[in-house]
Amino acid sequence: MTNQHPLMSRSALFAVAFFGVFLYLLYQMLRMLAPYGSALLLAAVLAIALHPIHSWLAKLLKGRKKLSSLLMTFFVILLVIGPAIRLFGVLTTQAVGVYQGITSGTQSSKLPAAWTEIIDRFLQRIAAYPILSTIDVKGFLLKSLSGVSSGLAAQFGALLRNTVILTIDLTVMLIALFFFFLNGENYYHSFIDMLPFS
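Residues numbered from 1 in each chain as written. Predicted model: local features only at pLDDT ≥ 70, side-chain atom pairs only at ≥ 80, totals over all residues. Heavy atoms only, no water.

Draft legend 1. Highlighting a nonpolar patch on the surface. A contiguous nonpolar patch, built from Phe14, Phe18, Phe19, Phe22, Leu23, Leu26, Met29, Leu30, Met32 and Leu33 and spanning about 1000 Å² of accessible area, is present on the exposed surface. Along the chain, phenylalanine 22 falls in helix α1 (residues 10–33). Looking at phenylalanine 22, the relative accessible area reads 41%, which means it is partly exposed. (Patch = residues over 30% accessible without salt bridge, like charges linked within 9 Å, V, L, I, M, F, W, Y side chains within 5 Å. Areas by Shrake-Rupley, 256 points an atom, 1.4 Å probe, with all protein chains shown as cover. Salt bridge = Lys/Arg side-chain N within 4 Å of Asp/Glu carboxyl O. Helix = DSSP H or I, 4+ residues; strand = E, 2+ residues; numbered from the N terminus. Buried < 20%, exposed > 50% of the residue type's maximum accessible area, 1.4 Å probe, protein only.)

Written out as structure tokens, the structure reads:
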């Protein structure tokens, strides 16, 4: 009679199954956090870059980590996020103004008249060149203007969608930044402890 050894012991089989379930859950968690990856990465970079200031502020506040984390988050809002939002707001306002101006100008026929005047001046300059006088430049420019205005109208919806996405990402980044300031050292040490070669 031969002595048959199982290919894998019960505890090893349990460990493999547990590791497989763990990897699956980790994969699902990463898929869930994927849309916010850039916001979380920016929060981590800002927390690491500002960690010396945060440590100094925590010592100054006699170890009150929540207060120092909150103050550092407001510091980031004022000095980093605030100017970026202001710039984005100015650009958005100008884009909306251009869109509204083109839309109202097209509907009131003021814009086509203005463009026709500009095109006529341009055509008078081109008329001096006999080779270019055979090309229908006016028709080409008016067709191009129509394409630009319809392209702007199509991009307006995307601009609004991107504004909402930016707002959500900014909110996620600020919440993550607060917790990275508050518990960043614990997260770092936990991560280092999980690495197999540490």
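Draft legend 2. A look at the packing of aromatic side chains. Under the defined criterion, the tally for this structure stands at two aromatic pairs. Their ring planes at 80° and their centres at 5.2 Å tell us that phenylalanine 178 and phenylalanine 179 sit as a pair that is edge-to-face. For phenylalanine 178, a relative accessible area of 19% gives the class buried. Residue phenylalanine 179 is classed as partly exposed on the basis of its relative accessible area, which comes to 37%. Taking 6.1 Å as the distance between ring centres and 85° as the angle between the ring planes, the aromatic pair formed by phenylalanine 180 and tyrosine 187 counts as edge-to-face. A residue is classified by how much of its surface remains accessible, and tyrosine 187, at 41% relative accessible area, is partly exposed. (Phe/Tyr/Trp six-rings, centres within 6.5 Å; stacked < 30°, edge-to-face > 60°.)

Draft legend 3. View of the side chain of serine 68. Following the sequence through the fold, serine 68 ends up in helix α4 (residues 65–107). A relative accessible area of 0% means that serine 68 is categorised as buried. Only 3.2 Å separates the side chain of serine 68 from the side chain of histidine 54, close enough to count as a polar contact. Residues contacting serine 68, with those up to four places away along its chain left out, are His54, Leu57, Ala58 and Leu61. (Polar contact = N/O pair within 3.5 Å; in protein donor to acceptor, adjacent residues only side chain to side chain. Contact = heavy atoms within 4.5 Å.)

Draft legend 4. View of unusual backbone geometry. The backbone phi angle of lysine 62 is positive, close to 60°, even though this residue is not glycine. The topology assignment puts lysine 62 in the loop between α3 (51–60) and α4. Since its relative accessible area comes to 76%, lysine 62 is described here as exposed.

Draft legend 5. Spatial organisation of the layout of surface pockets. By volume, the largest pocket is sized at about 430 Å³. In terms of lining, the largest pocket is formed by 16 residues, of which the most central are Ile48, Phe180, Gly184, Glu185 and Tyr188. Sorting the residues of the lining of the largest pocket by element identifies α2 (37–49), α3 and α6 (137–194) as the ones contributing at least two each. Top contributing element to the lining of the largest pocket by residue count: α6, with seven residues. Residues of the lining of the largest pocket, tallied by class, amount to nine nonpolar, four polar and three charged. Quantified by volume, the second largest pocket comes out at close to 220 Å³. Mapped by element, the contributors of at least two residues to the lining of the second largest pocket are α1 and α6. For the lining of the second largest pocket, the leading source of residues is α1, giving four residues. Here the lining of the second largest pocket is composed, by residue class, of six nonpolar, no polar and no charged. (1 Å grid on protein atoms, 1.4 Å probe; cavity = no way out; pocket = protein on both sides within 12 Å on 5 of 7 lines; lining within 4 Å. Points joined across faces, edges and corners; volume = space filled by probe spheres on them. Nonpolar A, V, L, I, M, F, W, Y, C, P; charged D, E, K, R; others polar.)

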